[in-house]
Amino acid sequence: MPTFASFDGLQLSYTAWEGEGRPVLLQHGFAADTNANWIAPGVVDTLQDAGLPVISLDARGHGRSAKPHDDASYGDDAMVRDVSALLDELNLDEVSMVGYSMGAMIALGAVAADPRIRCLAIGGVGSGIVDFGGVDTRVVTPEAISEALLASDPSTLPPSSAPFRALADALRADRIALAAVARGTANPKLDLTAIAVPTLILAGDTDPLAAEPERLAAAIAGARLVRVPGDHMAAVMHPAFGSTLAAFLTSHDL
């Protein structure tokens, strides 16, 4: 996996697959990485079968990218700025962007900040974006996620935060870095009315973090909402997620 120096010199890792047409940039969710969010569930294969070139970025603190342990490394929209830095590195004039969960929040910030993003697809989020600008704190708070990651006994964790710890443990992730991500990443200030690119929202039908996705769709002009089976961890694995995504991206590859 190649690496590059982002805007602040931090070394980030990405993976690229060849294809024809506008590249699709994938941004994974919290505690996940390129493999867990996109390769293992078959999303990359589905997009490749559709002939699309694909790029996937391991966010700072995740996967094979550098993992600072200080909260400040994740503030000031750092992950949004990482997206633009990658587009600069690859000398790309335009991309479609796909984000899931944390990656959806990054994608929403990036499409507002960078005109090179011409098409947007987000999953794993719902009315929390409208009401809080990011993580739906009615379900789980960043503080609770941080505490779960650092807990000495994960068997005592509540159902709202336990899945984040379980995923981090399953991927052997750097839990100290992820706790810093949770604490240091503030919900972005999003003006959803300013989004003017074709937008798809994919929401798991039993995903508490994607509750009321119709409210999110209504806040973005022309956004299309598709519900797929599954909760927050499982929806991206359902074949309908990848097939719907590929159809949307190919239909807007202009």
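Described below are features of the structure shown in this document. What you see is a predicted model, and the numbers here were worked out from it, not measured in a lab.

Summarising the sheet, strand E1 (residues 3–5) and strand E2 (residues 11–17) pair through three bridges and their orientation is antiparallel. In the sheet register, Thr 3 faces E2, and the bridge partner there is Ser 13. The antiparallel hairpin formed by E1 and E2 contains five residues in its connecting segment, where Gly 9 sits at a positive phi of about 90 degrees. Both E2 and strand E4 (residues 54–57) contribute to a ladder of four bridges, which runs antiparallel. Following the sheet pairing, Trp 17 is matched in E4 by Val 54.

Turning our attention to the side chain of Ser 127. Among the secondary structure elements, Ser 127 is positioned in helix H5 (residues 127–132). For Ser 127, the residues in contact, after removing those within four places along its chain, are Asp 136, Arg 138, Ala 211, Glu 212 and Arg 215.

Take the nonpolar core next. Nonpolar side chains in soluble globular proteins tend to end up buried together. Leu 25, Phe 30, Met 97, Leu 108, Ile 122 and Leu 216 are the most contacted members of the largest nonpolar core, which totals 57 residues. Here Ile 122 is in contact with Gly 99, Ala 104, Ala 107, Leu 108, Leu 200, Ile 201, Leu 202 and Leu 216, once residues within four sequence places are set aside. Formed by 23 residues, the second largest nonpolar core is a distinct cluster that contains Val 226, Val 228, Phe 241 and Phe 248.

Our next topic: the sheet that holds E1. A sheet is described by the order of its strands in space; here eight strands give the open sequence E1-E2-E4-E3-E5-E6-E7-E8, paired in mixed fashion. Strands with a single pairing partner mark the edges of an open sheet, and in this sheet they are E1 and strand E8 (224–228). In this sheet, neighbouring strand axes are inclined to one another by 25 degrees on average, regardless of whether the strands run parallel or antiparallel. Here helix H10 (residues 239–251) sits on the sheet and contacts strand E3 (24–27), strand E5 (95–100), strand E6 (117–123), strand E7 (199–204) and E8; the angle it forms with E7, its principal contact strand, is near 175 degrees.

Attention now goes to the environment of Ala 166. Mapped onto the elements of the fold, Ala 166 is located in helix H7 (residues 162–170). Ala 166 gets classed as partly exposed once you look at its relative accessible area, which sits at 44%. With 17 residues separating them along the chain, Ala 166 and Leu 149 place their C-alpha atoms 8.9 Å apart.

This paragraph deals with the pattern of salt bridges. Two side chains bearing opposite charge may form a pair once their charged atoms approach each other closely. Considering all chains together, one arrives at 14 salt bridges under this definition. Asp 8 is the salt-bridge partner of Arg 60, the closest N and O atoms lying 3.0 Å from each other. Of the two residues, Arg 60 is situated in the loop between E4 and helix H3 (78–90) and Asp 8 in the loop between E1 and E2; the sequence distance between them amounts to 52 residues. Exposure remark for Asp 8: the relative accessible area of 43% places this residue in the partly exposed category. With its nearest N and O atoms 3.2 Å apart, the salt bridge here joins Arg 215 to Glu 212. For Glu 212, a relative accessible area of 37% puts it in the partly exposed group. The structure contains a network of salt bridges with shared partners spanning Asp 131, Asp 136, Arg 138, Glu 212 and Arg 215.

What follows covers the packing of H3 against helix H4 (residues 102–113). Two elements in contact, H3 and H4, have axes separated by 9 Å at closest approach and are oriented at 60 degrees. Between H3 and H4 the crossing geometry is right-handed. Within the contact between the two elements, H3 uses Met 79, Val 80 and Val 83 and H4 uses Met 102, Ile 106, Gly 109, Ala 110 and Ala 113. Here the contact of H3 with H4 is composed, by residue class, of seven nonpolar, one polar and no charged.

Each value, and the rule that gives it
Residues numbered from 1 in each chain as written. Predicted model: local features only at pLDDT ≥ 70, side-chain atom pairs only at ≥ 80, totals over all residues. Heavy atoms only, no water. Pairing = 2+ DSSP bridges. Helix = DSSP H or I, 4+ residues; strand = E, 2+ residues; numbered from the N terminus. Contact = heavy atoms within 4.5 Å. Core = buried A, V, L, I, M, F, W, Y, C linked by side-chain atoms within 4.5 Å. Buried < 20%, exposed > 50% of the residue type's maximum accessible area, 1.4 Å probe, protein only. Axes fitted to C-alpha atoms, helices over the stretch in contact; angles between N-to-C directions. Salt bridge = Lys/Arg side-chain N within 4 Å of Asp/Glu carboxyl O. Left-handed = near helix turned anticlockwise from the far one by under 90°. Nonpolar A, V, L, I, M, F, W, Y, C, P; charged D, E, K, R; others polar.

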